[in-house]
Amino acid sequence: MPKKIAAFTPYFTEDEAGQVRAAFLAAGHLEGDASVSDFIVRATLREVKRLQRRHNQGRKWDPVPAGALRRGQRTHEELQHRKEDG
């Protein structure tokens, strides 16, 4: 039986979205991504595994049920203060 798909809606700035689309078009097919959604899921799960290694001794966390997280876009202040990789 296939696993149920849970829906998330990430919010990107216009610049971020442009880079996501560009990366997917340039390399997604080389990485096995059939859609930009596949690309985002793969990247997100890679980050989850990195955080598990760094903050949870490499173990999976207990799942959090749908509806338990804050919804919506980041505030303007949050956009200005979030950590960036590059």
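So, how was this worked out
- Residues numbered from 1 in each chain as written.
- Predicted model: local features only at pLDDT ≥ 70, side-chain atom pairs only at ≥ 80, totals over all residues.
- Heavy atoms only, no water.
- Helix = DSSP H or I, 4+ residues; strand = E, 2+ residues; numbered from the N terminus.
- Buried < 20%, exposed > 50% of the residue type's maximum accessible area, 1.4 Å probe, protein only.
- Contact = heavy atoms within 4.5 Å.
- Expected span 1.5 Å × (residues − 1).
- Patch = residues over 30% accessible without salt bridge, like charges linked within 9 Å, V, L, I, M, F, W, Y side chains within 5 Å.
- Areas by Shrake-Rupley, 256 points an atom, 1.4 Å probe, with all protein chains shown as cover.
- Salt bridge = Lys/Arg side-chain N within 4 Å of Asp/Glu carboxyl O.

Q: A description of the side chain of Gln-52 should follow, citing residues and the corresponding values.
A: One can find Gln-52 in helix α2 (residues 36–55). A relative accessible area of 11% means that Gln-52 is categorised as buried. Setting aside residues no more than four positions away along its own chain, Gln-52 makes contact with Gln-57, Gly-58, Arg-59, Lys-60 and Trp-61.

Q: Residue-level account of α2, with values.
A: Counted at 1.5 Å a residue, the expected span for α2 with its 20 residues is 28 Å, and the 28 Å between its end C-alpha atoms agrees. Taken from the residues just after α2, Gln-57 is the one with a positive phi, measuring 50°.

Q: Explain the environment of Thr-13 residue by residue, including any values.
A: Here Thr-13 lies in the segment before α1 (14–31). Here Thr-13 falls in the partly exposed class, since its relative accessible area comes to 29%. Separated by 20 residues in the primary sequence, Thr-13 and Asp-33 place their C-alpha atoms 22 Å from one another.

Q: Before we move on, can you summarise a nonpolar patch on the surface with the specific residues and values?
A: Taken together, Val-41, Leu-45, Val-48 and Trp-61 make up a surface patch of nonpolar side chains, about 340 Å² in accessible area. One can find Val-41 in helix α2.

Q: If you had to explain the environment of Val-36 to someone new, which residues and values would you point to?
A: Following the sequence through the fold, Val-36 ends up in helix α2. Residue classification places Val-36 among the partly exposed residues on the basis of a relative accessible area of 33%. The sequence separation of Val-36 and Arg-21 amounts to 15 residues, and the corresponding C-alpha distance is 7.2 Å. For Val-36, the contacting residues outside a window of four places in its chain are Val-20 and Phe-24.

Q: I'd like a rundown of the pattern of salt bridges, residues and numbers included.
A: Counting across every chain of the model gives two salt bridges. As a salt-bridge pair, Asp-33 and Arg-42 come within 2.8 Å of each other at their nearest N and O atoms. What makes Asp-33 buried here is its relative accessible area of 9%. Among the residues examined, Arg-42 registers a relative accessible area of 28% and is labelled partly exposed. Here Arg-50 makes a salt bridge to Glu-47, at a shortest N to O gap of 2.7 Å. With a gap of three residues between them, Arg-50 and Glu-47 both fall in helix α2, about one helical turn apart. What makes Glu-47 partly exposed here is its relative accessible area of 32%.

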